[in-house]
Amino acid sequence: MSDGALEPRELVRAARQAGLSVLAVTDHDTVEAIAESIEEGEALGVRVIPGIEISSFVPASDGVPERNLHVLGFFSRERVAGLLEWQLERRRARDKRLDDMLARLDEVGAPLRREDVLGSNPDPRRSIGRPHVARALVAKGYVKDQREAFDRYLAAGKPAYVDYPRPGAAEVCALIHRLQGIASVAHPGLDELDSSLELLKECGVDGIEVFHPDHPSETMQRFLARSRELSLLATGGSDFHGGKKNEGGALGGTFLPREHWERLEEALRASK
Ligand code: AMP
């Protein structure tokens with residue numbers, strides 16, 4: 001229900017085909033896909049862990065400026081409803097950002113209409129982000145692929161990049177904890193968050209996403225060691241977005257080793 005290419009049920013079917021028995025569904029800033037994913041998982045014998053990936057920021061500290069941050073939240077299914085209200089406000093903020101991005105693109109000679117991004121019959125539940133705009137830029141022929149769309153227009157500092165209000169790390173962790181969830185720092189290698197991990201622990205994170213397709217083996221080893229030093233859980237996954245180039249890893253290609261899954265499962269059980 002955010003920037004993945006598959007519908008929720010298709011995703012769970014693909015997971016089953018890939019031989020997965022447990023799968024966390026973590027859309028950006030929305031839990032709209034969770035109910036359908038769980039239903040499909042129950043039909044197919046795949047356990048779906050309700051999750052979310054919340055756009056946030058690490059506050060400026062010790063001369064280091066504010067940084068972008070994604071926080072993964074994992075929940076028991078009874079608690080997901082606690083995010084339904086919250087996600088509406090995030091959707092509105094993203095919708096406003098879309099209009100601002102389109103205005104900027106117009107100014108730099110790459111005009112798009114909302115329909116180009118959202119389609120003619122948009123699903124109002126979707127959480128719209130930069131990847132949707134990137135796909136529209138490719139479809140219109142302004143760029144050859146999504147990478148170029150980010151490099152030329154959408155990445156931070158580029159002409160159509162628009163910042164928008166996001167909750168800080170401590171606020172996001174407090175939200176996740178109010179719902180008895182587990183908060184983990186998403187792909188810290190990709191976002192170069194090595195030096196922010198202690199501060200993030202102070203903000204309340206419970207874990208680090210150690211296992212990720214953009215973490216080469218030495219990066220995983222480094223974050224695994226850091227997770228132990230800081231007494232944080234190790235989480236992980238494929239960041240699968242539908243198997244397209246430049247969009248996450250292969251489904252099940254990167255996974256959470258059993259011993260870490262068992263710790264995460266225990267933490268989820270304990271926090272119910
Ligand atoms: P948003 O939440 O709308 O800011 O979009 C963030 C998503 O855009 C990330 O989760 C990535 O999937 C994607 N993304 C961010 N930077 C890039 C990039 N340089 N190239 C391709 N995709 C990117």
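See the structure above.
A few points on the structure. The model shown is predicted, which means the values in this text are computed figures rather than measured ones. (Residues numbered from 1 in each chain as written. Predicted model: local features only at pLDDT ≥ 70, side-chain atom pairs only at ≥ 80, totals over all residues. Heavy atoms only, no water.)

### A look at the sheet that holds strand 4 (residues 182-185)
Right, so step 1: An order of 1-2-3-4-5-6 is seen for the 6 strands of this open sheet, with the pairing classed as mixed. Each end of this open sheet is capped by a strand with a single partner; those strands are strand 1 (22-25) and strand 6 (233-236). On average, each strand axis in the sheet is tilted by 40 degrees relative to the strand beside it, whichever way the strands run.
Right, so step 2: Against the sheet, helix 2 (residues 34-44) makes contact with strand 1 and strand 2 (47-58), and its axis sits at roughly 150 degrees relative to strand 2, the strand it touches most. (Pairing = 2+ DSSP bridges. Helix = DSSP H or I, 4+ residues; strand = E, 2+ residues; numbered from the N terminus. Axes fitted to C-alpha atoms, helices over the stretch in contact; angles between N-to-C directions. Contact = heavy atoms within 4.5 Å.)

### Re the pairing of strand 2
Right, so step 1: Counting buried positions along strand 2 yields 11 of 12 residues, so the element is predominantly enclosed.
Right, so step 2: As judged from the 4 bridges shared by strand 1 and strand 2, these two strands associate in the parallel manner. Paired with valine 22 across the two strands is arginine 47, which belongs to strand 2.
Right, so step 3: The sheet contact formed by strand 2 and strand 3 (residues 67-74) spans 8 bridges and is antiparallel. Among the inter-strand pairings, isoleucine 52 is bridged to a residue of strand 3, identified as glycine 73. (Buried < 20%, exposed > 50% of the residue type's maximum accessible area, 1.4 Å probe, protein only.)

### Focus on the site of the ligand
Right, so step 1: With respect to spatial proximity, the complete set of residues near the ligand consists of Asp3, His28, Ser55, His70, Arg94, Arg97, Gly129, Arg130, Pro131, Phe150 and His241.
Right, so step 2: Histidine 28 has a polar side-chain atom sitting 3.1 Å from an oxygen atom of the ligand.
Right, so step 3: Backbone polar atom of arginine 130 to an oxygen atom of the ligand: 2.8 Å apart, as the coordinates give it.
Right, so step 4: Contact with the protein chains hides 74% of the accessible area of the ligand, taken as 500 Å² for the molecule alone.
Right, so step 5: For the ligand, the cavity whose grid points lie within 2 Å of the majority of its atoms is the largest pocket.
Right, so step 6: Secondary structure elements with two or more residues in the shell around the ligand: helix 3 (84-107) and helix 5 (130-139).
Right, so step 7: Each residue belonging to the shell around the ligand can be placed in one class, and the counts come to 2 nonpolar, 5 polar and 4 charged. (Near = heavy atom within 4 Å. Polar contact = N/O pair within 3.5 Å; in protein donor to acceptor, adjacent residues only side chain to side chain. Areas by Shrake-Rupley, 256 points an atom, 1.4 Å probe, with all protein chains shown as cover. 1 Å grid on protein atoms, 1.4 Å probe; cavity = no way out; pocket = protein on both sides within 12 Å on 5 of 7 lines; lining within 4 Å. Sits in = over half its atoms within 2 Å of the grid points. Nonpolar A, V, L, I, M, F, W, Y, C, P; charged D, E, K, R; others polar.)

### What to know about the nonpolar core
Right, so step 1: If you look at the biggest cluster of nonpolar residues, it comprises 56 residues, and the most contacted ones within it are Leu69, Leu83, Leu200 and Val210.
Right, so step 2: For valine 210, the contacting residues outside a window of four places in its chain are His215, Met220, Phe223, Leu224, Ser227, Ala234 and Thr235. (Core = buried A, V, L, I, M, F, W, Y, C linked by side-chain atoms within 4.5 Å.)

### With respect to unusual backbone geometry
Right, so step 1: We note that histidine 187 has phi near 25 degrees; this positive angle belongs to a residue other than glycine.
Right, so step 2: Within the secondary structure, histidine 187 sits in the loop between strand 4 and helix 8 (197-203).
Right, so step 3: Classification of histidine 187 by relative accessible area gives buried; the value is 5%.
Right, so step 4: One non-glycine residue with positive phi stands out, namely glutamate 192, at about 50 degrees.
Right, so step 5: Along the chain, glutamate 192 turns up in the loop between strand 4 and helix 8.
Right, so step 6: By relative accessible area, glutamate 192 is classed as exposed at 59%.

### As for the pattern of salt bridges
Oppositely charged side chains can pair when the atoms bearing their charge come close.
Right, so step 1: According to the stated counting rule, one finds 28 salt bridges in the structure shown.
Right, so step 2: The residue arginine 114 makes a salt bridge to aspartate 95 at a minimum N-O spacing of 2.9 Å. Of the two residues, arginine 114 sits in helix 4 (residues 114-118) while aspartate 95 sits in helix 3, which places them 19 residues apart along the sequence.
Right, so step 3: By relative accessible area, arginine 114 is classed as partly exposed at 28%.
Right, so step 4: Residues joined by salt bridges that share partners form a network here, namely Arg9, Arg13, Glu36, Glu39, Glu40, Asp123 and Arg125. (Salt bridge = Lys/Arg side-chain N within 4 Å of Asp/Glu carboxyl O.)

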